[in-house]
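Residues per chain, in single letters:
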Amino acid sequence: MNAFALLPRWSDWRPAVRAPGADLLSGLMVALVALPLALGFGISSGLGAAAGLATAVVAGAVAAVFGGSRFQVSGPTGAMTVVLVPIVGQHGASGVLAVGLLAGLVLVVLAVAGIGRAVRYMPAPVIEGFTAGIAVVIALQQFPSALHIAHAEGEKVWQSAIDAVSQFLSHPHPLTPATTLTVAAVVLVGGRYLPKLPFALLAVAAATVVAQVLGLDLTPIGEIPSGLPAPTLGFVHLDQLRSLLAPALAVAALAALESLLSATAADAMAVGTRHNPDRELFGQGMANLAAPLFGGVPATGAIARTAVNVRSGAHTRLAALTHAVVLAAIIYSAAPLVADIPLAALAGVLLATTVRMVETASLAAIARASRSDALIMAITFGVTVALDLVTAVVVGVGIAIVLALRSVAKEARLQQIPLERPVDDTDHLTEEHDLLHDHIVAYRIDGPLFFAAAHRFLLELAEVSDVRVVILRMSGITALDTTGSLVLKDAIGKLEHRHITVLMSGLREDHRRRLAAIGALPAGGDAHIFTHTPEAIVHAHRCAYSPTGQTR
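Owing to the predicted nature of the structure, the values given are computational and were not obtained by experimental measurement.

Before going further, it helps to examine the confidence of the model for the protein. When the pLDDT values of the protein are averaged, the result is 82; 88% of them are 70 or greater. Every residue in residues 421–429 is under pLDDT 50, and counting partners more than four places away or in other chains gives 12 contacts.

Pasting the structure below:
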């Protein structure tokens, strides 16, 4: 792909310059929604609220300029925090920043290579399964904050959630979970009836004021720097790169997948728009190259903020850029106020977010569609919660491929053609038909003859008996791979070893070349290959007179 096609263009901004009003207002609304989410996801990632804000500002601005969707809003997301938590535990904060930088490089390479369009091949059950799994994992991540537990033990999120519940039951602190549930209820109920109001911000602000006025024992976020840190490359250690490569690839895969799915959803919500997937990967790559320099975590396109952007009336990418500028203004002017926000309130916002992430109608529809789709979705969900997201996607896609191959293999059929009457308008005498019936069997192979289906044909053909000639009608084969060719060769060899003549008709030229390359054509060569089945039947009639089954 031409790299220059991935760069920003003046045409992206011309409409915004002519009429910026709607985009500026939409950007403000998105910033109000994004503020508590950026704080919460920063804390959940393990790098702190300041890292979440830095990501939302830097990645949000860079992706708005370089991205391939005019509605996409980028920043820290719940799905990314799920992947980052184990990286923080193993490599520390510097490791996460290095992973973000490496992931950015990978995304840029994928964009230049034109890989962006591959996301359309992701099976829907896998997408729904890991989306529901992510929602559960994010909810489990909030248990310590929601239960007023400072340290919860456990390598996996579900393990730490169980430990948090155990500690809470030993020393109950009901005010904290009550705050979390109240904030979550306000966000969900308010968002349902008045979706344009930033209830997440309003609920968090109210909880902060009440906690300060009444002096409630609710753990606040803590100190947040007034401004972004100076750019630095000091976190990159060359001796760490080898151990960080695998996590970086996982982060890049997630960033690509989530961003492209979010951009696709934005296209569906806005009439007459279509994002450029490769340019979107390039924009996310540039964002992830920039965010770590300012202490930010890896970022992706955020479906919740992108949806708010579309529904608030955005027309161009100026809205996403405005959202980043507003958040930057908050960091520089209101950091002390943000520091007083209770963690329990942010936990409530994130719990509400998880509820909104799960599309119960889509889950129910896939579960009803077929058992295989339900199985794929359930396994992807379970692996996401029990292990990690990348493993879940690999397992889910792998199972989907196996089941798809199994389904396609079932479409392949070996059907015997009756020869008691004229075939394809060819006239035969009654005694000739009797002879054909006694000594000739014709089979039509329909569908794909490939590795998942080929061995059934070997078994069926090998059982043919009491005949002198077998006609294989090949025109119905839709696909033929090397395994299918080898199995067919084996079947023909076994028939000819029993002195049964094998004829072929309707063989496509590309299939003929493949069979010839591995020696899978009948022993008679061109003399036993016919364009039309009636010609093969006439030749089979001659062969039937021969005691050896060959033409005399």
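So, next bit.
We now examine the pairing of strand 7 (residues 501–505). For strand 7, a buried count of five out of five residues is recorded, marking the element as mostly surrounded by other parts of the structure. Going residue by residue along strand 7, you find Thr501, Leu503 and Ser505 tucked away on one face and Val502 and Met504 tucked away on the opposite face as well. Pairing between strand 5 (residues 469–473) and strand 7: five bridges, direction parallel. Residue Val470 lies in a different strand from strand 7, and its bridge partner there is Val502.

Here we come to the nonpolar core. A general feature of soluble globular proteins is that nonpolar side chains tend to end up buried together. By size, the foremost hydrophobic cluster in this structure holds 80 residues, and its most contacted members are Leu39, Phe130, Val251 and Leu327. Among the elements that make up this core, the one with the highest residue count is helix 4 (residues 78–112) (16 residues).

What follows covers the packing of helix 5 (residues 124–141) against helix 16 (residues 371–386). The N-to-C vectors of helix 5 and helix 16 enclose an angle of 30°; their axes lie 7 Å apart at closest approach. Relative to helix 16, the element helix 5 is oriented roughly parallel. With respect to the hand of their crossing, helix 5 and helix 16 are arranged in right-handed fashion. Every residue of helix 16 that contacts helix 5 at Pro125, Val126, Glu128, Gly129, Phe130, Ala132, Gly133, Ile134, Val136, Val137 and Leu140 is listed here: Asp373, Ile376, Met377, Thr380, Phe381, Thr384 and Val385. Class assignment of the residues belonging to the contact of helix 5 with helix 16 gives a composition of 12 nonpolar, four polar and two charged.

Parameters at a glance
Along each chain, residues carry numbers from 1 onward, in the same order as the chain's sequence is written. For this predicted model, a pLDDT threshold of at least 70 governs which residues receive local features, and a threshold of 80 or more governs which side-chain atom pairs are given and counted, while totals over whole chains, interfaces and linings are taken from all residues. Note that the side-chain values use all heavy atoms of the structure and ignore hydrogens as well as water. The score called pLDDT rates the predictor's confidence residue by residue, from a low of 0 to a high of 100. By definition, residues are in contact when any of their heavy atoms lie within 4.5 Å. Relative accessibility decides the category of a residue: with a 1.4 Å probe and only protein chains considered, values under 20% of the type maximum give buried, values over 50% give exposed, and everything between is partly exposed. Segments assigned H or I by DSSP are reported as helices when at least four residues long, segments assigned E as strands when at least two residues long, and all are numbered from the N terminus. What makes two strands pair is DSSP finding at least two bridges between them. Take the buried residues of types Ala, Val, Leu, Ile, Met, Phe, Trp, Tyr and Cys, join any two whose side-chain atoms come within 4.5 Å, and each joined set is a nonpolar core. Under this scheme, a helix contributes an axis fitted over its contacting stretch, all axes are lines through C-alpha atoms, and angles between N-to-C directions fall in the 0 to 180 degree range. These descriptions rest on fixed angle ranges, namely under 35 degrees for roughly parallel, over 145 for roughly antiparallel, 65 to 115 for roughly perpendicular, and the rest for oblique. What makes a crossing left-handed is the near helix being turned counterclockwise from the far one by less than a right angle; a clockwise turn instead makes it right-handed. The residue classification treats Ala, Val, Leu, Ile, Met, Phe, Trp, Tyr, Cys and Pro as nonpolar and Asp, Glu, Lys and Arg as charged. All others, Gly included, are polar.

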